[in-house]
Structures are given as C-alpha cells and as structure tokens.
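Now for the letters of each chain:
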Amino acid sequence: MDLLEGRSAIITGAAQGIGLAIARVFAGAGARLVIADIDEQAAKDAAEELVAGGATVLPVRCDVTDEDGVEAMVAACAAEFGSVDVLVNNAGITRDATLRKMTAEQFRQVMDVHLFGTWLGMKYASLKMREQGNGSIVNISSISGKVGLVGQTNYSAAKAGIVGMTKAGAKELAHLGVRVNAIQPGLVRTAMTEALRPDIWAEKLAGVPMGRAAEPEEVGRVALFLASDLSSYMTGTVLEVTGGRHM
Ligand code: NAP
C-alpha cells in the first residue's frame, strides 16, 4: 500500500531504534524521507541503508533542542522535496534516577529533548504545513507519561507534557488542515531498553498481557496510520502501543 506516495516525512532521532523503524515503514509506503539525528554519521548510515532499499532520503544532522537546527531541518525538507507533509517527533533520551539521586541537569536534559524538542518541531513544521493547507504531526510520547514510572520523574513528566502539547496543537491547527496525534509505546526492543537491567526488563515484561515486548516496526505501523489519510478524521488522539500493558 503506497499510503505516503508523493509525500515527504521528517523523522527525528531516526538513525536507530523506533525512529529508524518508522523510516523503514514510511519508505515502504512510498514516502520521501528526511532522516534527522544528532549523530550525523549515524543519520548518513541509516540513509544509505534506506537508499539501498530504493527510498529517496535526505540525511540531516539535527539536535532537536537547537532552534536554528530545527528550523533548518524543516527548510531542508521543503527545499529538497517541495513540501513538509509529515513530521514525527521521535528523538528521545532517558536519564533515569530516583528523586533522591536525580540531578537538576538530568531533569532539564530530558525536558529539553522531549518537550522543547517536540515543541520546536511542531512550531516549524506547522508553519510550512499551514501554508500548504495539510500535514500530519506524530509525537512519540510513552506509557510512562500516562502512568508515571519509578525512576522517571523527568521522563514521565516530559512524556505527559507531550500529550498536552499534542492536544493543544491539534486544536490550534485543525482548521488549517494539520492533524496532530501522539503514540504511547510501552516496552519496545531498542537500544534504550536494552540498557535496562535484566531484572527490570523481566519485571516490565511480566506486566504485558501479550507477554512480549514490541518490535520497533509495530510502533512504525501505527505511526504510518497516523501519518496517512487512513486516520484523516483523527486529531488530538493518543494511541497506546503496549501489548495491553497499563490499559
Ligand atoms: P534510541 O534507540 O535511543 O533512539 C533515539 C534516537 O534519538 C537516537 O538515534 C539518538 O541519538 C537520537 N537523539 C537523542 N537526542 C537527540 C537530540 N537532541 N536531537 C536529535 N536526536 C536525538 O531510542 P528509542 O527506544 O528508539 O526511542 C525513540 C522514542 O520512543 C523516544 O522518544 C522514546 O522516549 C520513545 N519510547 C521508547 C520506548 C522503548 O521502549 N524503547 C517506549 C516508549 C517510548 P544518539 O543515540 O546519538 O543519542
């Protein structure tokens, strides 16, 4: 199904993990891609893989906390492909620690990347999308933002904040033809979760009714649904991709 044929999509943090999986799914649906990541070489390597598979890809170095960088990323997509049809705000980090041990710096870093980064992406992409009269923004939140997880006061707050931002943005932009939705993944097999201690991984898995972690592509396919016209009457929604965890 060529659900994104002729459309351009920017994905942040796309050099690996869920972002790269979204890129693979979008490429399979015919999208032209901007692969943005803070690690320039990793973005180029990911782009090379996608191009080898037949995709049209522009790798861009972008730190989502840098306003000029985000503005330039959106401008690069418009210049290369003529439009900015989809933005996936996916870049993310964790700096887990209990309240007792978490530093102000760890709190701010997580707020900066997730909340400010997502806001910058929404701001600059929507400027272009409102000119076009169409666009779809997909924000990657987390189930941690719904239920709050121990050791993640920073991350849970940021991911819950993304939900509020998604709904506010959806209301502002709906009449301009721009939709904004969010995804809350649960436990997904990526570098972010591979860093978890085995006992913590097992504890999380025990809470998943489906009894397994998600593969990144399973988040990618939900992102495709929200990015494409399949979800044309949906805005301001939050879709949980959790195998039933914390339903
Ligand atoms: P990942 O494998 O660590 O990938 C995140 C990517 O974002 C990396 O390529 C990283 O680059 C990049 N990045 C970090 N800071 C950035 C910045 N300031 N600007 C641009 N790019 C930046 O993580 P993931 O598991 O795929 O997670 C992707 C998204 O899903 C995140 O928003 C995460 O919070 C969310 N999520 C993940 C899970 C899960 O179970 N994995 C569950 C719920 C939600 P470097 O590696 O060079 O830092």
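Parameters and conventions
- Per-chain numbering applies: the sequence of each chain, read as written, is numbered from 1 onward.
- Local features in a predicted model are, by the rule used here, given only for residues with pLDDT of at least 70; side-chain atom pairs are given and counted only at 80 or more, and totals for whole chains, interfaces and linings are based on all residues.
- To get the side-chain values, all heavy atoms of the structure are used, and hydrogens and water are removed first.
- Lines fitted to C-alpha atoms define the axes here, with helix axes fitted over just the stretch in contact, and angles between the N-to-C directions of these axes take values from 0 to 180 degrees.
- Under the scheme used here, helices are H or I runs from DSSP no shorter than 4 residues and strands are E runs no shorter than 2 residues, and both carry numbers assigned from the N terminus.
- With the far helix as reference, a near helix turned anticlockwise by less than a right angle produces a left-handed crossing, and one turned clockwise produces a right-handed crossing.
- Only heavy atoms matter for contacts: two residues are in contact if any of them lie within 4.5 Å across the pair.
- Side-chain classes follow a simple rule in which Ala, Val, Leu, Ile, Met, Phe, Trp, Tyr, Cys and Pro form the nonpolar group, Asp, Glu, Lys and Arg form the charged group, and the remainder, Gly included, forms the polar group.
- We count a salt bridge whenever a side-chain nitrogen from Lys or Arg sits within 4 Å of a carboxyl oxygen from Asp or Glu.
- When a residue's accessible area, from a 1.4 Å probe over protein chains only, is under 20% of the maximum for its type it is buried; when over 50% it is exposed; and in between it is partly exposed.
- As used in this record, nonpolar core signifies buried Ala, Val, Leu, Ile, Met, Phe, Trp, Tyr and Cys residues forming a set joined through side-chain atoms within 4.5 Å.
- Being near a molecule or strand, for a residue, means having at least one of its heavy atoms within 4 Å of it.
- Contacts described as polar in this section are N or O atom pairs within 3.5 Å, which, within protein, must combine one atom able to donate a hydrogen with one able to accept it, while residues neighboring in sequence count only if both atoms come from side chains.
- Calculation of accessible area relied on Shrake-Rupley with a 1.4 Å probe; when residues are assessed, cover is drawn exclusively from the protein chains displayed.
- Paired strands, in this sense, are two strands between which DSSP finds at least two bridges.
- UniProt positions are given in the numbering used here, feature names are shortened, and annotations may be inferred rather than shown by experiment.

(A) The packing of helix H3 (residues 67-81) against helix H4 (residues 104-132), seen in detail. Where H3 contacts H4, the axes come no closer than 9 Å and their chain directions differ by 35 degrees. In the crossing of H3 with H4, the sense of the turn from one axis to the other is right-handed. Listed contacts from H4 to Glu67, Val70, Glu71, Val74 and Ala78 of H3 are Leu120, Gly121, Lys123, Tyr124, Ala125 and Lys128. A per-class count over the contact of H3 with H4 returns 6 nonpolar, 1 polar and 4 charged.

(B) Molecular detail of the pattern of salt bridges. Applying the stated criterion across every chain yields a total of 9 salt bridges. A salt bridge links Asp229 to Arg7; its shortest N-O distance comes to 2.7 Å. Placement of the pair is Asp229 in the loop between helix H9 (216-227) and strand E7 (238-241) and Arg7 in the segment before strand E1 (8-12), with a sequence separation of 222 residues. We classify Arg7 as partly exposed; its relative accessible area is 22%. The partner of Glu217 in a salt bridge is Arg24, and the shortest N-O contact between them spans 3.6 Å.

(C) How the structure looks around the nonpolar core. By size, the foremost hydrophobic cluster in this structure holds 34 residues, and its most contacted members are Phe26, Leu33, Ile35 and Ile183. Of all the elements in the fold, those that place two or more residues in this core are E1, helix H1 (17-28), strand E2 (32-37), helix H2 (40-52), strand E4 (86-89), strand E5 (135-140) and H9. With near-sequence residues (within four places) excluded, Ile35 lies in contact with Ile11, Ala14, Ala23, Ala43, Ala46, Leu50, Val57, Leu58, Pro59 and Val60. Residues Val34, Met122, Met129 and Met165 belong to the second largest nonpolar core, which totals 24 residues.

(D) Highlighting the site of the ligand. Near the ligand there are 29 residues, and of these Ile18, Asp37, Asn90, Tyr155 and Thr190 occur at the shortest range. Residue Gln16 places a side-chain N or O atom 2.9 Å away from an oxygen atom belonging to the ligand. Between Tyr155 and the ligand, the recorded distance is 2.5 Å, taken from a side-chain N or O atom to an oxygen atom. Coverage of the ligand by the protein chains reaches 88% of its 890 Å² of free accessible surface. Of all the secondary-structure elements, those providing two or more residues to the shell around the ligand are H1, H4, helix H6 (153-173) and helix H7 (191-194). When its residues are assigned to classes, the shell around the ligand shows 14 nonpolar, 11 polar and 4 charged.

(E) Here's a closer look at the sheet that holds E1. Within the open sheet, the 7 strands sit side by side as E3-E2-E1-E4-E5-E6-E7. Their pairing is parallel. What marks the edges here is a single partner per strand, and that holds for strand E3 (56-61) and E7. This sheet shows a mean twist of 20 degrees between the axes of neighbouring strands, independent of strand direction. Note: E4 against E5, 4 bridges, orientation parallel. Its bridge partner lying in E5, Leu87 is registered against Ile137.

(F) Representation of the UniProt feature "domain: Ketoreductase" (unreviewed entry) in the protein chain within the structure. As recorded in UniProt, the feature "domain: Ketoreductase" (unreviewed entry) lies at residues 7-204. The span residues 7-204 is 53% helical and 18% strand by assignment, and the distance between its end C-alpha atoms comes to 37 Å.

(G) Representation of unusual backbone geometry in the model. Despite not being glycine, His246 has its phi angle at roughly 55 degrees, a positive value. Structurally, His246 is set in the segment after E7.

(H) Representation of the environment of Lys204. As for its placement among the helices and strands, Lys204 is situated in helix H8 (residues 198-206). Among the residues examined, Lys204 registers a relative accessible area of 19% and is labelled buried. Expressed as a C-alpha distance, the spacing of Lys204 and Leu187, which sit 17 residues apart in the sequence, is 7.5 Å. What Lys204 contacts, discounting residues up to four positions off in sequence, is Leu149, Leu187, Leu196 and Arg245.

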